[in-house]
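Analysis of the macromolecular model
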Amino acid sequence: VVRRRLLQRYEHQPFVSCLAGFYSCRWRRYQREKTEPGKCCCSMVNELKISTDLDFSFCFSLVFLYTWGEGKNDYNSFDWYNYGNLGYWFLWSLVILIVAAILFTYVSLLLVLAMCLLAEGQQLYLHWSHKIGTFLVLGFSISSLFALSLLWRDHRKTVRLSFQVTAPYLHIGAIAIMVLLAWPVALHAIRADKKVTQVIIVGPYLAILLFLFLIPLGMYSPCIREMGTLGPKPALIGHRGAPMLAPENTEMSFLKTIEHGGDGLETDVAISYDGVPFLMHDDTLRRTTNIQEVYPNDTGKAASFFSWDALQKLNAGTWFLKNKPFVGMGSLSKADQNQAMNQSIYTLSSFLRLADSHNKLVIFDLYRPPEKHPYRNLWIRKILDVILKESKIKRHLVLWLHNGVRAFVQSVAPGFQHTMGRKAPIEDLLKHNIVKLNLVYTDMSSEDIRKYAEANITTNFYVVNEPWLYSLAWCSGAHSVTTNAVHLLKDLSQPLFLMTPQQYNIMWILTDLTSAFLISFIFAL
């Protein structure tokens, strides 16, 4: 006891004390134990298992953080889905991102502490509170990834698309991590007293390193291309206008799109009970109007069962200022706030006149009225009357998407640009006079885009909000995208991550050579 107290008093090791204190809650010298040559870094099998769990927690939390971070393009859709199930609006997507980042940072710090303790020759003993934390991180990450794979299957396609632009930089990051790991691996291998143990330690490390050195041989990115082969910048179509700057599907929203140089306008069309086509995305009016204040007993009633006089009494802008539906929305000016507070439900006729006056393309989803609606079987004729007789918009500006009565529409309204909402054989598309495809962005393929372009069929992808995804669409040859972020994407002068094959080869070779030199130097020490 006296000897331990003397060691505690006279052999101060402040750096090691801090490391062991944060990792093991062993702040005193006599509570710690050095690793003897030839011995494992963990004194007990259980501690070795905990260290392995820590490694798995790091890997799974990193995968989930990357997966969820790259899904930012669809955060609004995720929050809208939760709104439909829970009945109130909240930015759940942002909360999940923050939690994922905190958990990953926590596990990363524990791993850094463990590596430093190994470098100092200390035995690893993870405190019980950190053990619980590690299991919670592992459980959260695995369960979240599993839930994503079940409930949001298209999200996997988003992650795969992201690899096409981020893979070269993920490769550099992985190499950097391997260089950092070379230090504890080399120290542990040197302390091993048997050749077999050294091979077990160093062998897997070198195998992973070799795999990372060679992985660029199988890497593909449309943004790695020769100079002069990049196509024109995709046109921008405002999704329900500019819903990050103004309430969706309102006059203000479409004016903001036009103000920021959008090439087209997208919207959703329903029909009131007395036959007035108006703009509304949801089945009900609960999310985007103040119906709870004006008609509190009809919040669950379908929007199409309201007369136009009743719809005109609703405010379609105050919800936007209250809920702030998009992550990262900037603050509005006082003038914009006042304008947003005075928005009302917009008619299809007014929308078409606005687009025609500014020579903007229009594309819209048409919602058939529900059962027992007086215009359930007359809705297409009613909409065509508004297009052809009331608004008199130039026909070449209309991208007709609805497929149900396409032949009838072509006969009574020649001149529309007929658009298909799914991929199909080129022969079938040409047979039905299709000139454009309107596809979800997860169907993006540079090969398919090129194939359709050769038949004079252009492609539009929706909904593209993030600069990396817009850059990928640009590099892939897309003609246009539907976006919530016209004001952001219009400023891109060239795709992100764009480089020539020669530039990438230089980056790849320099990364491999530099890392190989550093790792060899570390092992030589």
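Residues numbered from 1 in each chain as written. Predicted model: local features only at pLDDT ≥ 70, side-chain atom pairs only at ≥ 80, totals over all residues. Heavy atoms only, no water.

1. Concerning the overall build of the protein chain
For clarity, the threshold we go by: By definition, any uninterrupted DSSP run of H or I lasting at least four residues is a helix, any uninterrupted run of E lasting at least two residues is a strand, and each is numbered from the N terminus. As a reference, a globule follows 2.2 Å times the number of residues to the power 0.38, and the radius of gyration itself is taken over C-alpha atoms. Each residue gets one of three labels from its accessible area relative to the maximum for its type: buried under 20%, exposed over 50%, partly exposed in between, using a 1.4 Å probe on protein chains only. For accessible areas, the Shrake-Rupley method is used with a probe of radius 1.4 Å. Any residue's cover is judged against the shown protein chains and nothing else. Residues scored as charged are limited to Lys and Arg (positive) and Asp and Glu (negative), so that His and the chain ends carry no count. A single reference atom marks each charge: NZ on Lys, CZ on Arg, CG on Asp, CD on Glu.
The helix and strand inventory of the protein chain stands at 21 helices and nine strands. Taking 2.2 N^0.38 as the reference for a compact globule, 525 residues should give roughly 24 Å; the C-alpha atoms of the protein chain span a radius of gyration of 30 Å, well beyond that estimate. In terms of its C-alpha atoms, the protein chain occupies a principal-axis envelope of roughly 100 × 55 × 40 Å. Out of the 525 residues belonging to the protein chain, those deemed buried represent 48%. Looking at the protein chain as shown, the accessible area adds up to about 26,300 Å², and 61% of this sits on carbon and sulfur atoms. Of the side chains in the protein chain, 50 bear a positive and 40 a negative charge, and the two mean positions are spaced by 5 Å.

2. Some points on the state of the cysteines
Here is the rule: What counts as a disulfide here is a pair of cysteine sulfur atoms lying within 2.5 Å.
Tallying each qualifying case throughout the model produces one disulfide. Two residues, cysteine 223 and cysteine 475, share a disulfide whose sulfurs are 2.4 Å apart. Residues cysteine 223 and cysteine 475 are joined by a disulfide whose S-S torsion is about 105 degrees; by sign, that bridge is right-handed. Of the two residues, cysteine 223 is situated in the loop between helix H8 (195-214) and strand S1 (235-239) and cysteine 475 in helix H19 (residues 467-476); the sequence distance between them amounts to 252 residues. Take cysteine 223 and cysteine 475: they sit in the same class, and that class is buried. Free cysteine cysteine 18: the closest other cysteine sulfur is in cysteine 116, separated by 11 Å. Classification of cysteine 18 as partly exposed rests on a relative accessible area of 37%.

3. Overview of the UniProt feature "domain: GP-PDE" (unreviewed entry) in the protein chain
Let me state the cut-off plainly: UniProt positions are given in the numbering used here, feature names are shortened, and annotations may be inferred rather than shown by experiment.
Per the UniProt entry, the sites bearing "domain: GP-PDE" (unreviewed entry) are residues 234-493 in this numbering. End C-alpha atoms of residues 234-493 are separated by 11 Å, and the span's content is 35% helix alongside 17% strand.

4. Regarding the side chain of threonine 288
This is how it is decided: Two residues form a contact once any of their heavy atoms are found within 4.5 Å.
Residue position: threonine 288 is located in the loop between strand S3 (277-279) and helix H10 (291-294). Under the relative-accessibility criterion, threonine 288 is labelled buried at 4%. The contacts of threonine 288, once residues within four sequence positions are left out, are Glu248, Met280, Asn315, Ala316 and Trp319.

5. Re the UniProt feature "transmembrane region" (unreviewed entry) in the protein chain
According to UniProt, the feature "transmembrane region" (unreviewed entry) maps to residues 89-120, 132-152, 167-187, 199-220 and 506-524 in the numbering used here. In residues 199-220, helix accounts for 73% and strand for 0%; the two terminal C-alpha atoms are 34 Å from one another.

6. Some points on helix H7 (residues 154-191)
As a reminder, the rule being used: The span you would expect from a helix comes to 1.5 Å times its residue count less one. Bend is computed residue by residue as the angle between axes fitted to the seven residues ending at the residue and the seven residues starting at it.
Its 38 residues give H7 an end-to-end C-alpha distance of only 48 Å, which falls more than 12% under 56 Å, the value for a rise of 1.5 Å per residue. Where H7 bends most, at threonine 166, the angle is about 70 degrees, and the proline proline 168 comes one to four residues later.

7. A closer look at the pairing of strand S9 (residues 480-483)
Let me state the cut-off plainly: Strand pairing follows a simple DSSP-based rule, namely that at least 2 bridges must link the two strands. For a crossover, the right-handed case is the one in which the path from the first strand over the helix to the second runs clockwise, viewed with the strands pointing away from the viewer.
Alternating residues of S9 divide into Ser480 and Thr482 and Val481 and Thr483, and every residue in both groups is buried. As defined by bridge partners, S1 adjoins S9 across four bridges and the pair is classed as parallel. Directly across from isoleucine 237, in S9, lies its bridge partner threonine 482. In this structure, strand S8 (residues 458-462) lies alongside S9, joined through two bridges in parallel fashion. Residue pairing across strands places phenylalanine 461 opposite valine 481, the latter belonging to S9. With respect to chirality, the unit in which S8 leads through H19 into the neighbouring parallel S9 is right-handed.

8. Details of the environment of tryptophan 319
Residue placement: tryptophan 319 occurs in helix H12 (residues 318-323). The class for tryptophan 319 is buried, based on a relative accessible area of 7%. When the C-alpha positions of tryptophan 319 and leucine 113 are compared, they lie 47 Å apart, and in sequence the two are 206 residues distant. If we skip the residues at most four places from it in the chain, tryptophan 319 touches Pro247, Glu248, Arg287, Thr288, Thr289, Lys324 and Pro325.

9. Focus: the pattern of salt bridges
Where we set the bar: Salt bridge, as used here: a side-chain nitrogen of Lys or Arg that lies within 4 Å of a carboxyl oxygen of Asp or Glu.
Following the criterion strictly, the structure yields 14 salt bridges and no others. Close ionic contact of glutamate 259 with lysine 256 constitutes a salt bridge, the shortest N to O distance being 3.8 Å. Placement of both glutamate 259 and lysine 256 in helix H9 (residues 251-259) is noted, with a separation of three residues, approximately one turn of the helix. Glutamate 259 gets classed as exposed once you look at its relative accessible area, which sits at 56%. Among the ionic pairs, lysine 423 bridges to aspartate 448, the shortest N-O distance being 2.6 Å. Here lysine 423, found in the loop between strand S6 (417-420) and helix H17 (426-431), pairs with aspartate 448, found in helix H18 (residues 446-454); they are 25 residues apart in sequence, far enough to count as distant. Taken together, the salt bridges that share partners define one network made up of Arg240, Glu248, Asp268, Asp282 and Arg287.

10. Side note on the packing of helix H14 (residues 348-357) against helix H15 (residues 379-391)
Selection rule: In this analysis, axes come from line fits to C-alpha atoms, helices being fitted only over the stretch in contact, and the angle between any two N-to-C directions falls in the range 0 to 180 degrees. Throughout this description, any angle smaller than 35 degrees is read as roughly parallel, any larger than 145 degrees as roughly antiparallel, any in the 65 to 115 degree range as roughly perpendicular, and the remainder as oblique. Helix crossings are classified by the rotation of the near helix relative to the far one: an anticlockwise turn of less than a right angle makes the crossing left-handed, while a clockwise turn makes it right-handed. Each residue gets one of three labels, nonpolar for Ala, Val, Leu, Ile, Met, Phe, Trp, Tyr, Cys and Pro, charged for Asp, Glu, Lys and Arg, and polar for the others, Gly among them.
It is at 10 Å that the axes of H14 and H15 come closest, and there the two elements cross at 45 degrees. The angle between H14 and H15 falls in the class oblique. Regarding H14 and H15, the two cross each other, and that crossing is right-handed. The segment H14 lies against H15, with Leu348, Ser349, Leu352 and Arg353 engaging Ile383, Val386, Ile387, Glu390 and Ser391. Taken together, the residues of the contact of H14 with H15 break down into five nonpolar, two polar and two charged.

11. Some thoughts on a nonpolar patch on the surface
The criterion, for reference: Excluding any residue in a salt bridge, patches collect residues exceeding 30% relative accessible area, merging like charges within 9 Å and nonpolar Val, Leu, Ile, Met, Phe, Trp and Tyr side chains within 5 Å.
Together, Trp80, Tyr81, Phe146, Leu150 and Leu151 make up a nonpolar patch on the protein surface, roughly 570 Å² of accessible area in all. Broken down by secondary-structure element, the contributors of at least two residues to the nonpolar patch are helix H4 (75-86) and helix H6 (128-151). With three residues, the single largest contributor to the nonpolar patch is H6. Position of phenylalanine 146 relative to the elements: it lies in helix H6.

12. Looking at H18
For clarity, the threshold we go by: This arc is built from the directions going out from the helix axis to the C-beta atoms.
Along H18, the residues classified as buried are Asp448, Ile449 and Tyr452. One face of H18 carries all of its buried residues, which in axial projection span an arc of 100 degrees. Pointing more than 90 degrees away from the buried face of H18 are the exposed residues Glu447 and Glu454. On its buried face, H18 sits against H17, strand S7 (436-440), S8 and H19. Once H18 finishes, asparagine 456 follows within two positions and takes phi at roughly 60 degrees, a positive value.

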